[in-house]
Amino acid sequence: MSGRRCILAVLLVVLLLPSGLAAQTTAVLRGVVRDADGGVLPGAMAVVTQPSSGLTREAVARADGAFQVGNLPLGTYELRIDFPGFAPLRRAVDLRSTVPVELDVTLALLAQTASVQVMPEPALVDAASAGTRHRLAQARIETLPIPIGGRGLEAVLASFPGFAQNANGAIHPRGAHNQMTYLVDGLPISDQLTGAFANALDAGIVQNIELMTSNIPASFGGKVSGVAVITSRSGLGIGRRAAGDASVALAGGGTRQAAVQVGGGHDRAGYFLSFTTMRTDRFLDPISRDNLHNAGAFGRGFARVDLALSPRDVLRLNGMGGRSAFEVANLRSQQAAGQDQRQGLADAAGWASYLRTLGSTATLESTLGLRHATAELLPSAGDTPVTAAQQRSLDTVTATVRYTRVAGVHELQGGAEVQRFPVRESFSLGIVSPAFNDPGSPTYNPALRPHDLSRGGVPFRFAASGTGRTAGIYGQARLRAGAATVTLGLRGDAYAFLVDGTQWQPRVGLAWSVPGEQGVVRFSYNRNYQTPPNENLLLSSSPEAAALAPESVKLALGGTYQAVQPERQQVVEAGYERGLGAGVSLDVAVYRKTSKNQQDNNNFFDTGIIFPTTLAAIRVTGAEARVTVPTRRGVGGSLSVTTGRAISTPPFTGGLFLGQDAIDLLSSGPFAIDHDQRLSLHGTINADPPGPLWLGGSARYDSGLVSNPSDPATVAADADFADLLPLVNLTAAVPRVRPRTIVDAVAGWDLRSSGRARWSVQVQVTNLTGRAALYNFQSVFVGTRLVAPRTLAVRLKRYF
């Protein structure tokens, strides 16, 4: 039996198991608080905290002494229980699966304890994880100086190590272009969620975010260079019908934003709603210092409903959607010609979750979700040097099932998933400038001559549709023996769309707690199978697009047509995590990634249209570190350090390369791709002293991404780019944009009543020093983008 048939056969058996609707990604802690005689203590306060992320949740024991804290992301927590007249109890709690953890807690009278009780520091290291994990909770996210606009979540992720920061919120995880999966309350989303390509997720919905960049669990397939597990806010346990906030904000660049977030509920039911809207004259990062033709607006909504149908059955319903409309930024020459291109993006998703607890040691869960996304590009009469139009849509139907069992200190899990994704694409282009692809130029591409409208040609037109499918099965175990924790996982994936393929993926790791110290050494090996991006994949993999490729690309491929292939990747990592005392933790890691059929994108001029492409291979090596300081006496922060090398090997397949002369040079041999960056530093700080004032800040240094190897003399003579020449080093052996340091700051003043915040006024400055800098320059992959200038913003928030 072939590998694909084996995967599909096992998948069919697993999916026929009785199950509910959608995968849960959170844990539940239950307990009963008693005194030494066994009597219950109603009103006891249970506080669950995760120092590494800043997450804090509270619950009050009911009349029967029982308490419950739900919607907790998987991980290690500190539990503290207080009751008047009794000594507080403090202990570590490990919540590693969806199987509820139940405790019976006994408090001792103060008179029966020593007059001075020294409580140990909670463990700050993750002794059970064999991969790199970083976490951040809502309380800390709210103190970050996140830019007013639509790229909040990416700004949060960029504060973690392992990312090269790019324009419009794009982030490159460990040398990858963008191959990330966002798991939002159990729904996997692998679309490129940046402002240029799709509607980004709103950071305001996040209760907690966990980033995984190594030893990815076998339950995750597809794009796993990074996995962001997002637990949204919930109304469960609030104890009020409605509580939340409403805010308005004004910022430079003609930016106006409004947002409303509200939730409510009790122990059995809860809801959370969020809506954000914005208008601005600087929708995307500018492509020139003049910020020409760059206005836009968006609206986005999110909803979550939780229902505890019984002590063993939990139903959750989610929905979200958004729409944006914006101008395509112009160069000076395009503005003078009257170019007025516009883009529109829309998406909507709905999914439901059902979790069934089986006895005291197992759970059964599953997924059913639908996500719909559309994009369009509207041309104008003044387009130059190329006019283009696009309409595309992508529907993704996801179904999963998962069984989890706890056996003593061990955890076992198995499951399966399928995705079906119908795709429709329509695209046209025509050359309208005689100077573009001039037959007398040494870079003339004769394949474009039939579509040169300035010389009597006709538009290039493409329209197609198709339906792709993926199927995966997996099993994984976490086994503990003394100081060692071993994770064993095996995943099999089958992919069927424009090409067919299968791969089995072992994922193994070891975490070893160092005796006598609060430290953990870890090692892992992962094999991954990353499917191509679905955005414009039909065109990128078509013979029609291949016919337009430059001769250098055709010669490198032997004159044959090749479709975009899935990426086959191997990743090895070693790391060390340690508590340094006073709540401070250190995490370091070194890694090596090798891939065949490297996934990337070719950007269509400076629009938000991308065309998937692959290169023959990529080799990435890197190291990173993060120091986390939990908030103590009102002050906390973090420092992340990243270094990496990313070397790609041609030839290119796929893509749509028009007027990008560097493709000839890049097709000649291995080169440092634009994700390659020698050093980045990102520091954050938050201060919340007694009183109404609080402060937050961040500073980021980037040594510079790889730029296009443009000729400095040609750039100096080009009115569109000449003034950017001081911001890029084109004479280096590897041309790069010049180093930059960007400082952001925020200050807030909270007015309180009865111990609760009622009003908050916030003043924020992004790019505090007004640094002029580039993200990219004339890149084959992402074009040219500048860092936004100094921007002042003011936000007024009302809590209710």
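Whatever comes next refers back to the structure up there.
Residues numbered from 1 in each chain as written. Predicted model: local features only at pLDDT ≥ 70, side-chain atom pairs only at ≥ 80, totals over all residues. Heavy atoms only, no water.

### Some details on unusual backbone geometry
Look at the link from Thr384 to Pro385: it is a cis peptide, with omega at 0°. The topology assignment puts Pro385 in the loop between strand 21 (362-378) and strand 22 (386-407). We note that Arg633 has phi near 55°; this positive angle belongs to a residue other than glycine. Structurally, Arg633 can be placed in the loop between strand 30 (610-632) and strand 31 (635-654). We classify Arg633 as exposed; its relative accessible area is 88%. (Helix = DSSP H or I, 4+ residues; strand = E, 2+ residues; numbered from the N terminus. Buried < 20%, exposed > 50% of the residue type's maximum accessible area, 1.4 Å probe, protein only.)

### Structural notes on the sheet that holds strand 11 (residues 180-184)
Pairing is mixed in the open sheet, where five strands are placed in the order 8-13-14-11-12. Of all strands in the sheet, those bounded by a partner on one side alone are strand 8 (133-137) and strand 12 (187-189). On average, each strand axis in the sheet is tilted by 20° relative to the strand beside it, whichever way the strands run. Looking at chain direction, strand 11 and strand 14 (residues 226-232) are connected through five bridges and run parallel. Residue pairing across strands places Leu183 opposite Val229, the latter belonging to strand 14. (Pairing = 2+ DSSP bridges. Axes fitted to C-alpha atoms, helices over the stretch in contact; angles between N-to-C directions.)

### With respect to the pairing of strand 11
Buried residues dominate strand 11, accounting for five of its five residues. With burial as the criterion, each face of strand 11 is covered, one bearing Met180, Tyr182 and Val184 and the other bearing Thr181 and Leu183. As judged from the three bridges shared by strand 11 and strand 12, these two strands associate in the antiparallel manner. Bridge pairing links Val184 to Leu187 in strand 12. Hairpin connection, strand 11 to strand 12: the antiparallel pair is bridged by two residues, and Asp185 has positive phi, about 50°.

### Describing the side chain of Gln677
Structurally, Gln677 can be placed in strand 33 (residues 677-687). Judged by relative accessible area, which is 6%, Gln677 ranks as buried. For Gln677, the residues in contact, after removing those within four places along its chain, are Ala164, Thr643, Gly644, Asp702, Ser703, Gly704, Leu705 and Arg736. (Contact = heavy atoms within 4.5 Å.)

### A few points about the packing of aromatic side chains
Following the criterion strictly, the structure yields 11 aromatic pairs and no others. Between the aromatic rings of Phe652 and Phe671, the centroid separation amounts to 6.3 Å while the plane-to-plane angle is 20°, which identifies the pairing as stacked. Residue Phe652 is found in strand 31, and its partner Phe671 is found in strand 32 (residues 671-672); the two are separated by 19 residues along the sequence. Judged by its relative accessible area of 10%, Phe671 falls in the buried class. (Phe/Tyr/Trp six-rings, centres within 6.5 Å; stacked < 30°, edge-to-face > 60°.)

### Quick look at the environment of Asp493
Tracing the sequence through the fold places Asp493 in strand 25 (residues 484-496). Each C-alpha atom of the pair Asp493 and Gly222 lies 8.5 Å from the other, and the pair is 271 residues apart in sequence. A polar atom in the side chain of Asp493 sits 2.9 Å from the side chain of Arg491. (Polar contact = N/O pair within 3.5 Å; in protein donor to acceptor, adjacent residues only side chain to side chain.)

### What to know about the sheet that holds strand 3 (residues 55-60)
Strand order in this open sheet of four strands is 3-2-5-6, and the pairing throughout is antiparallel. Looking along the sheet, the strands with just one partner apiece sit at the ends: strand 3 and strand 6 (89-95). Ignoring which end each strand starts from, the neighbouring axes of this sheet average 25° apart. With seven bridges connecting them, strand 5 (residues 75-82) and strand 6 associate as antiparallel partners. Residue pairing in the sheet places Glu78 in a bridge with Ala92 of strand 6.

### Let's talk about the pairing of strand 23 (residues 410-431)
Looking at chain direction, strand 22 and strand 23 are connected through 20 bridges and run antiparallel. What sits directly across from Arg405, in strand 23, is Leu412. The hairpin formed by strand 22 and strand 23 contains two residues between the paired strands, and Gly408 there has a positive phi angle of roughly 65°. Note: strand 23 against strand 24 (residues 460-481), 19 bridges, orientation antiparallel. Looking at the pairing, Arg424 lines up with Ser465 of strand 24.

### With respect to the environment of Arg449
Mapped onto the fold, Arg449 is located in the loop between strand 23 and strand 24. When the C-alpha atoms of Arg449 and Asp245 are compared, they prove to be 58 Å apart, with 204 residues separating the residues in sequence. Once residues within four sequence positions are removed from consideration, Arg449 is found in contact with Asn437, Tyr444, Arg455 and Gly457. In terms of polar contacts, Arg449 uses its side chain to reach the backbone carbonyl oxygen of Arg455, at 3.1 Å.

### Quick look at the nonpolar core
By size, the foremost hydrophobic cluster in this structure holds 30 residues, and its most contacted members are Phe427, Leu429, Leu539, Phe604 and Leu656. Elements represented by at least two residues in this core include exactly strand 22, strand 23, strand 24 and helix 5 (537-540). Apart from residues lying up to four places away in sequence, Leu429 is in contact with Val386, Thr387, Ala388, Pro459, Phe460, Phe604, Leu656 and Leu658. Among the nonpolar cores identified, the runner-up in size contains 29 residues, and Ile146, Ala158, Ile171 and Tyr182 belong to it. (Core = buried A, V, L, I, M, F, W, Y, C linked by side-chain atoms within 4.5 Å.)

### Here we look at the environment of Gly359
Topologically, Gly359 is positioned in the loop between strand 20 (342-358) and strand 21. For the pair Gly359 and Val99, spaced 260 residues apart in sequence, the C-alpha to C-alpha distance is 9.3 Å.

### Quick word on the pattern of salt bridges
As enumerated under the stated definition, the model contains 38 salt bridges in all. Of the charged contacts in the structure, one is a salt bridge between Asp723 and Arg332, with a shortest N-O distance of 2.6 Å. Of this pair, Asp723 sits in the loop between helix 9 (712-716) and strand 35 (728-729) while Arg332 sits in helix 4 (residues 332-337); the two residues are 391 residues apart in sequence, bridging distant segments of the chain. Classification of Asp723 by relative accessible area gives partly exposed; the value is 25%. (Salt bridge = Lys/Arg side-chain N within 4 Å of Asp/Glu carboxyl O.)

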